[in-house]
Amino acid sequence: MADNPTWYDEGLGYIWLPYTQMKTATPPLPVKSTDGVRITLADGRELIDGISSWWAAAHGYNHPHILEAMKAQLETMPHVMFGGLVHEQALKLSARLADMLPGDLNRCFIAESGSVSVEVAMKMAAQYFMNRGEKRTKFVHFRGTYHGDTLGTMAVCDPEEGMHGLFKGMLAENLLTDLPRTPEDAERFAAFLKVNAPDVAAVITEPLVQGAGGMVFHTPETLQWIRQACNAAGVLMIVDEIFTGFYRTGTRFAIDQAGIVPDMVTLSKALSGGVAPLSVCVARDEVFDAFYDDDPMKALMHGPTYMAHALGCAAANASLDLFEQEDYAAKVALIENQLMAELAPCGFADNVKSVRVKGAIGVVQLKDASGIEALKPRFVEEGVWIRPFRNIVYLTPPLTIGKEDLSMLTAAICNVLGA
Ligand SMILES: Cc1ncc(COP(=O)(O)O)c(C=O)c1O
């Protein structure tokens, strides 16, 4: 394109894009800047963001409070190794998260990406049993779930999402089953877990919403049934709140709606307000206690170079300030009502199968997904950033979005789908 900046033309031939067939994909759009709920392209066009940069930018872009905290941290120390050293931002963040999370979820291992925090949770579960003299190497996971792109996390994704067929032989073989959605399912699941318990370190699930699996919802009872089955079978429970954490489903954490305390919780994305790569695996006291010993071999065997990144932790502390200072539950309740009202007309469009909303997640599911790629440029023409995938067109806007901007997003969906 004639209008592309020089850096785009000079660099594009050297980059490898995610989940992208580089030969056939439409070229990516060059971004100049972001602000609030807007992305400004190099040619000056502005797009209202309906995705929050993969569900992370909960406070919108360039929030002054987060930027100021990061600038202050940058002046003193962007990063320092976390082996044998600690720093204020990481300790502050850990204490705050322990205070926010229910029960005795008190020990924070701070990493960089969501996938790594899930790897850490899995490793913690396996080593928890090793330290108690048991070898348990399997995980129970559910159809429709997504937990990351690393080989360990792929092995607990839905086989389709994790492309198990393609990577057969490389991925650990775990135990795949359906989420319990009814009391009968719950009984079946409890029996299944009991039989397999001697091999199973943990059950892992996304709470209330299977995000990358197609924004499929389930009820808090499902989480309660899984917790009960884990208790009965003596298996740990990992809840992956990477997408759902920090009000996306209406409450601070999705587990708050179920009133359960998992053994480990993973957090990322909105944790840092979508500004810096940061994730945490938070474990209960009982899990930590299984590592607390005179034997050095019982220590947790993990430690990424950039763990507890000081700049990222400063961003996260500022993000938590915002979640504490403002009523995000009320913001999300307003978004939920508006999404329900304004996406409802889509239910009458020819190619629409269903419309569903939970918290600040609005989903329009299509009957025929064959034309889904062709919808993407049409949304850009409408002045919005919406990325349909699988068979859904969905919105996960910044939680700070105003009424008019949200209406622009819903109107674009209605227009493009012909509602
Ligand atoms: C539920 C869930 N778990 C894990 C991940 C992986 O996080 P990351 O992409 O930061 O590795 C994601 C990313 O979308 C996710 O939605």
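Residues numbered from 1 in each chain as written. Predicted model: local features only at pLDDT ≥ 70, side-chain atom pairs only at ≥ 80, totals over all residues. Heavy atoms only, no water.

A. Local environment of the overall build of the chain. Helix and strand content of the chain: 14 helices and 16 strands. On C-alpha atoms alone, the chain measures out to a radius of gyration of 22 Å, which is about the 22 Å that the 2.2 N^0.38 rule sets for 419 residues. Taking the principal axes of its C-alpha atoms as reference, the chain extends roughly 65 × 55 × 45 Å. A total of 419 residues make up the chain; the buried ones form 52% of that total. Put simply, 70% of the contacts in the chain that link residues at least 6 apart link residues at least 24 apart. Carbon and sulfur atoms make up 55% of the accessible area of the chain, which amounts to about 18,900 Å² in all. (Helix = DSSP H or I, 4+ residues; strand = E, 2+ residues; numbered from the N terminus. Rg over C-alpha atoms; globule rule 2.2 N^0.38 Å. Buried < 20%, exposed > 50% of the residue type's maximum accessible area, 1.4 Å probe, protein only. Contact = heavy atoms within 4.5 Å. Areas by Shrake-Rupley, 256 points an atom, 1.4 Å probe, with all protein chains shown as cover.)

B. Spatial organisation of the packing of helix α7 (residues 183–196) against helix α8 (residues 220–233). Running from N to C, α7 and α8 cross one another at 30 degrees; their axes reach a closest spacing of 9 Å. Considered as vectors, α7 and α8 are oriented roughly parallel to each other. Crossing of α7 against α8: the hand is right-handed. Residues P183, A186, F189, A190, L193 and K194 of α7 touch α8, and the partners they reach there are W225, I226, A229, C230, A232 and A233. For the contact of α7 with α8, the per-class residue count stands at 11 nonpolar, no polar and 1 charged. (Axes fitted to C-alpha atoms, helices over the stretch in contact; angles between N-to-C directions. Parallel < 35°, antiparallel > 145°, perpendicular 65-115°, else oblique. Left-handed = near helix turned anticlockwise from the far one by under 90°. Nonpolar A, V, L, I, M, F, W, Y, C, P; charged D, E, K, R; others polar.)

C. The arrangement of the domain arrangement of the chain in detail. Entries for the chain in the domain assignment read domain 1 (6–62 + 327–417) and domain 2 (77–325). Opposite the 26 residues of domain 1 that make contact, domain 2 presents 28 residues. Carbon and sulfur atoms supply 63% of the area buried between domain 1 and domain 2, which totals about 2,300 Å² over both sides. Looking at the side of domain 1 facing domain 2, the largest losses of area belong to W55, K358 and R390, adding up to 29% of the total buried there. Across the domain 1-domain 2 interface, the total number found is 0 salt bridges. The tally of links from domain 1 across to domain 2 stands at 9 residue pairs in polar contact (both at pLDDT 80 or more). Mapped by element, the contributors of at least two residues to the side of domain 1 that touches domain 2 are α2 (52–55), α12 (328–343), β13 (352–358), β14 (361–366) and β16 (392–395). Of the residues in the side of domain 1 that touches domain 2, the class split is 18 nonpolar, 4 polar and 4 charged. (Domains from an automatic or database assignment. Buried area = accessible area lost by both parts, 1.4 Å probe. Salt bridge = Lys/Arg side-chain N within 4 Å of Asp/Glu carboxyl O. Polar contact = N/O pair within 3.5 Å; in protein donor to acceptor, adjacent residues only side chain to side chain.)

D. Quick look at the nonpolar core. One finds L193, F246 and I413 to be the most contacted residues of the largest nonpolar core, which totals 94 residues. For this core, the element with the highest residue contribution is helix α11 (residues 310–325), accounting for 8 residues. When we break this core down by domain, the ones giving at least three residues each are domain 1 (6–62 + 327–417) and domain 2 (77–325). In this structure F246 touches L97, M100, T251, R252, F253, L267, A270, L271, L320, F323 and L399, once residues within four positions along its chain are discounted. (Core = buried A, V, L, I, M, F, W, Y, C linked by side-chain atoms within 4.5 Å.)

E. View of the side chain of N174. Counting through the fold element by element, N174 comes out in the loop between α6 (151–154) and β6 (175–177). Judged by relative accessible area, N174 falls into the buried class, the value being 15%. A polar contact of 3.0 Å, which involves the side chain of N174, links it to the backbone oxygen of A155. In this view, N174 contacts T137, K138, F139, H141, A155 and V156; residues no more than four positions away in its chain are not counted.

F. Representation of the sheet that holds strand β15 (residues 384–385) within the structure. Spatially, β1-β2-β3-β15 is the arrangement adopted by the 4 strands of the open sheet, whose pairing is mixed. Edge strands, defined here as strands with exactly one partner in the open sheet, are β1 (31–35) and β15. Pairing analysis gives 2 bridges linking strand β3 (residues 46–49) to β15, with the strands arranged parallel. Among the inter-strand pairings, I48 is bridged to a residue of β15, identified as V384. Contacts between helix α14 (residues 403–417) and the sheet are confined to β2 (38–41), β3 and β15, with β3 contributing the most and set at about 95 degrees to the helix. (Pairing = 2+ DSSP bridges.)

G. Broad picture of the packing of aromatic side chains. Using the criterion set out here, one finds 13 aromatic pairs in the structure. Where W55 meets F243, the ring centres are 4.2 Å apart and the plane angle is 45 degrees; that geometry is what we call tilted. Taken together, the residues W55 in helix α2 and F243 in the loop between β10 (236–240) and α9 (255–258) connect sequence positions 188 residues apart. Residue W55 is classed as buried on the basis of its relative accessible area of 10%. With relative accessibility at 6%, the residue F243 sits in the buried group. Ring geometry for F389 versus Y394: centroids 5.4 Å apart, planes at 85 degrees, classification edge-to-face. A relative accessible area of 22% places F389 in the partly exposed class. (Phe/Tyr/Trp six-rings, centres within 6.5 Å; stacked < 30°, edge-to-face > 60°.)

H. Main features of the site of the ligand. Every residue near the ligand is listed here: W55, S113, G114, S115, Y146, H147, G148, E206, D240, I242, F243 and K269. One nitrogen or oxygen atom from the main chain of G114 is found 2.9 Å from an oxygen atom belonging to the ligand. Isolated, the ligand exposes 390 Å² of accessible area, and the fraction of that covered by the protein chains is 82%. (Near = heavy atom within 4 Å.)

I. Focus on the pattern of salt bridges. Evaluation of the coordinates by the stated rule reveals 16 salt bridges. Salt-bridge contacts for D263 lead to R227; the nearest nitrogen and oxygen are separated by 3.1 Å. Pair noted here: D263 is in the loop between α9 and β11 (264–267) and R227 is in helix α8, with a separation of 36 residues, a long-range link. Across the pair, exposure class does not vary: D263 and R227 are buried alike. Put simply, K298 and D293 hold a salt bridge, and the shortest N to O gap is 3.7 Å.

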